[in-house]
Amino acid sequence: MNEYKENQNISYESLRPLQTTVLEKTPKVCLVRFSLSDYKPGEFKIPKSLLHKNSNNEVACKKCKKTEIKKTFTKILLPKTKVTTSSKAESTLQKSSVDVHAGNSKRQHVSTLDTVILSVDMEGSQDGESDEDSTSGLDDFSGLSPYEQKRLKNISENANFFASLQLSKSAARLREMITKRQPPEYKRKKPKKRENGTGCRRSMRLQHVDPLGVSLPETPTQPTVVEDENPLLPPGPLEMTPENRDDNSELFKGFLQTWAEMCKSSTNTEKELPSIKSYKANLGGMVISGDTVCKVTKGSILSMALHPSEIRTLVAAGAKSGQVGLWDVTHQPKEDGVYVFQPHSQPVSCLYFSPANPAHILSLSYDGTLRCGDFSKAVFEEVYRNERSSFSSFDFLAEDASTLIIGHWDGSMSLVDRRTPGTSYEKLVNSSMRKIRTVHVHPVHRQYFITAGLSDVHLYDARCLNPKGSQPLISLTEHTKSIASAYFSPLTGNRIVTTCADCTLRIFDSSHISSQIPLLTTITHNTITGRWLTRFQAVWDPKQEDCVIVGSMAHPRQVEIFHETGKQVHSFLDGECLVSVCSINAVHPTQYILAGGNSSGKIHVFMS
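Residues numbered from 1 in each chain as written. Predicted model: local features only at pLDDT ≥ 70, side-chain atom pairs only at ≥ 80, totals over all residues. Heavy atoms only, no water.

A. Expanded view of the overall build of the protein. Helix and strand counts for the protein stand at 11 helices and 34 strands. Within the protein, buried positions represent 41% of all 608 residues. Carbon and sulfur atoms provide 52% of the accessible area of the protein, an area that totals close to 36,000 Å². (Helix = DSSP H or I, 4+ residues; strand = E, 2+ residues; numbered from the N terminus. Buried < 20%, exposed > 50% of the residue type's maximum accessible area, 1.4 Å probe, protein only. Areas by Shrake-Rupley, 256 points an atom, 1.4 Å probe, with all protein chains shown as cover.)

B. How the structure looks around helix H9 (residues 250–260). Looking only at H9, the buried set comprises Phe252, Phe255, Leu256 and Trp259. The buried residues of H9 all sit within an arc of 95 degrees when viewed along its axis, so they share a single face. (Arc of directions from axis to C-beta.)

C. Molecular detail of the side chain of Ser300. Among the secondary structure elements, Ser300 is positioned in the loop between strand S7 (293–295) and strand S8 (301–306). When its relative accessible area of 13% is taken as the criterion, Ser300 is described as buried. Beyond its immediate stretch of four places on either side in the chain, Ser300 contacts Gly318, Ala319, Lys320, Trp532, Thr534, Asn598, Ser599 and Ser600. (Contact = heavy atoms within 4.5 Å.)

D. Spatial organisation of the nonpolar core. Among the nonpolar cores identified, the biggest contains 32 residues, and Leu283, Ile561, Phe572 and Leu594 are the most heavily contacted of them. Every element with two or more residues in this core is listed here: helix H11 (276–284), strand S26 (504–509), strand S28 (539–541), strand S29 (544–551), strand S30 (558–563) and strand S31 (568–573). Broken down by element, this core gets its largest block of residues, 4 residues, from S29. Ignoring sequence-local partners within four residues, the contact set of Leu594 consists of Met286, Ile549, Val559, Phe572, Asn585, Ala586, Val587, His604, Val605 and Phe606. Counting 20 residues, the second-largest nonpolar core is a separate cluster that includes Trp259, Ala305, Leu326 and Phe341. (Core = buried A, V, L, I, M, F, W, Y, C linked by side-chain atoms within 4.5 Å.)

E. A look at the sheet that holds strand S34 (residues 602–607). Taken together, the 4 strands give an open sheet; going across it, the order is S7-S34-S33-S32, and neighbouring strands pair in antiparallel fashion. The open sheet terminates on both sides in strands that have one partner only, identified here as S7 and strand S32 (584–587). The mean inter-strand angle of the sheet, taken between neighbouring strand axes irrespective of direction, is 20 degrees. When S32 meets strand S33 (residues 593–597), the two strands line up antiparallel, connected through 4 bridges. Of the residues in S33, the one forming a bridge with Ile584 is Gly597. (Pairing = 2+ DSSP bridges. Axes fitted to C-alpha atoms, helices over the stretch in contact; angles between N-to-C directions.)

F. Expanded view of the packing of aromatic side chains. What the rule picks out here adds up to 15 aromatic pairs. Note on Phe255 and Phe375: the rings are 6.4 Å apart at their centroids and 85 degrees apart in plane angle, and the pair reads as edge-to-face. In this pair, Phe255 sits in helix H9 while Phe375 sits in the loop between strand S14 (369–374) and strand S15 (379–385), placing the two residues 120 residues apart along the sequence. The two residues Phe255 and Phe375 agree in class, both being buried. Ring centres of Phe341 and Phe380 lie 5.8 Å apart, and the angle between their planes is 65 degrees; this geometry places the pair in the edge-to-face category. Taken as a pair, Phe341 in strand S11 (residues 338–341) and Phe380 in strand S15 lie far apart in primary sequence, 39 residues in all. (Phe/Tyr/Trp six-rings, centres within 6.5 Å; stacked < 30°, edge-to-face > 60°.)

G. Inspection of the environment of Phe252 at higher detail. Mapped onto the secondary structure, Phe252 falls in helix H9. When its relative accessible area of 3% is taken as the criterion, Phe252 is described as buried. Taking C-alpha positions, Phe252 is 8.3 Å from Pro242, a pair spaced 10 residues apart along the chain.

H. Seen up close, unusual backbone geometry. Between Gln332 and the following residue, Pro333, the backbone shows a cis peptide bond with an omega angle of -5 degrees. Its location among the elements puts Pro333 in the loop between strand S10 (324–328) and S11. In this structure, Gln166 takes a positive phi of about 55 degrees despite not being glycine. Locating Gln166 in the fold gives a position in the loop between helix H7 (146–165) and helix H8 (167–178). Residue class for Gln166 comes out partly exposed when judged on its relative accessible area of 42%. Here Ala378, not a glycine, exhibits a phi torsion of approximately 55 degrees, which is positive.

I. Summary view of the pattern of salt bridges. Here the structure, examined in full by the defined rule, presents 12 salt bridges. The salt bridge partner of Glu382 is Arg385, with a shortest N-O separation of 2.9 Å. Between Arg495 and Glu564 there is a salt bridge, with the nearest N and O atoms lying 3.0 Å from each other. With Arg495 in strand S25 (residues 495–500) and Glu564 in the loop between S30 and S31, the pair connects residues that are 69 residues apart, well separated along the chain. Note on Glu564: relative accessible area 19%, which makes it buried. One connected set of salt bridges, linked through shared partners, spans Arg371, Glu382, Arg385 and Glu387. (Salt bridge = Lys/Arg side-chain N within 4 Å of Asp/Glu carboxyl O.)

J. Looking closely at a nonpolar patch on the surface. Residues Phe161, Phe162, Leu165 and Leu167 make up a contiguous nonpolar surface patch of roughly 340 Å² in combined accessible area. Broken down by element, the nonpolar patch gets its largest block of residues, 3 residues, from H7. If you trace the backbone, Leu165 turns up in helix H7. (Patch = residues over 30% accessible without salt bridge, like charges linked within 9 Å, V, L, I, M, F, W, Y side chains within 5 Å.)

K. Examining the sheet that holds strand S22 (residues 457–461) more closely. Read from one edge of the open sheet, 4 strands run S20-S21-S22-S23, paired in antiparallel fashion. Single-partner strands in this sheet number two, and they are strand S20 (438–441) and strand S23 (474–476). Going from strand to strand, the sheet's axes swing by 20 degrees on average, the running direction of each strand aside. With 3 bridges joining them, S22 and S23 adopt antiparallel strand pairing. Within S23, the residue paired with Val457 across the bridge is Leu476.

L. Geometry of the state of the cysteines. For the structure shown, the criterion picks out 0 disulfides. Left without a disulfide partner, Cys500 is nearest to the cysteine sulfur of Cys503, which lies 8.8 Å away. (Disulfide = S-S within 2.5 Å.)

M. Looking closely at the confidence of the model for the protein. For the protein, mean pLDDT is 78; residues scoring 70 or higher make up 69% of the total. Note that pLDDT drops below 50 for residues 49–139; the model gives that stretch 87 contacts with residues more than four away or on any other chain. (pLDDT = per-residue confidence, 0-100.)

N. Layout of the pairing of strand S24 (residues 483–488). Of all 6 residues in S24, 6 are buried, a share of seventy percent or more. Bridge count for S24 against S25 is 5 bridges, and the pairing is antiparallel. Across the sheet, Ala486 pairs through a bridge with Thr498, a residue of S25. Hairpin remark: S24 followed by S25, antiparallel, with 6 residues in the connecting loop; positive phi at Gly493, about 75 degrees.

Structure (structure tokens):
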């Protein structure tokens, strides 16, 4: 803080002891526009107009002098004049000279006076010096202390040194060197076409010229016909012709005779359910061997069925390729007991032996057809056909297999009556579901059936179906992701098991069909099979209807059985014979036989 008092003493407030300087001459401040680019040592002069004195100004009151000097110091401390620089080097020089003045922060009063010296002419009011003498005041430091004189001399010498370096020119040359030159753009010249050139060589066949040089007549182009990958098979019955055998061989005739006789030897007598202890003991006696593993179909197995015969072990498998494979497990060698047929052009999603005649096998396909294989006639008869829709699942509404319920992929359903002469009677019903994956009928109260869709399970009454739209009696809404299947327990129908993509098996109590079906048990089970494996479908064991069988993703590969309480009962595994995931499984209704199919067409049979 600088103040000028009436006794012409300048006092300063700082951390150092107070120092006082007495001015013997009255200073006048001249503000001149100054540029370092035009500055040359010894040529700095102040205009005479600014140094012209007026006698009237010399005689002023002390108060006026005090006010004028305060304004002068304010202008010096806060300059408003702009210093123009022509380059970065000049700004550097200016900054260095200013830093020299401001470096000694503890002696601010000396720096301020030095700044004033550069632009102040010390005039005496009595001796009247001339203008030329005042301009030479830069070299005459008689009124300053020796330290201040030496300091100003160093500042002048440094300024001359930096001016001699010609930094502005060097900086300009560096900028020119650093500036990147853009490479010239080269335009690629397009090759000129040869008017009389032959171009690339071509064979005489492509030029339609014979070896003698005579042009050949142009052949009419025929439109190319794109063949359908899965063409629909013709309607009506199809002959039962095996793809892997000669249909006139003696083995095939014996095979047809064996399957035709199964309806006579099949037994369907009801037996009491064994205890859980004896059930576990019997499961432990079931083994697998190399003779009970065989490749039956081409492609993934999507559906399986075990013949109820107790004399021979007959397994049927529906494949993704539209094939239906039949395997007589008891026949040796095992390759001679396998027969493959092609009754469909698209995947076979559902397969059942007829409960009225076990010599009939019914197969449902995505191609919109339902066929019945009659081994006594060696023909696949057409039961129902709808080319406008794709079928997903079916089940028998009547015990004599005369009426069926068919689920469509688009969420609709069809009621089919086979008793109508000629073609079957059809009743198309729209449901509230967007998609239907499985359909299953209650084993006791056959007017009820259950459907599994995207993320919901609905229970319908077949007597209350409306062609325009049918609402379910009960909906099971506990599922969070898509559902692969839903099945009633095979004997009483008192339980429902569902397989969901949220890695959970759910068991519901359906003993009393009312407005609600409570959830009994949830079983955590890995159901994420991926893209290339068939989805898991948990099914009930008819011999012990409180246990469900489902495939597993665990290592080593196995097939697991769970009790309705959620406890694991048994695991079928074998490190040598079972090395793949069995997604689809079928259980014999009376014998301890389990058949599992994988995604490469192989069937694995565990039996006592």
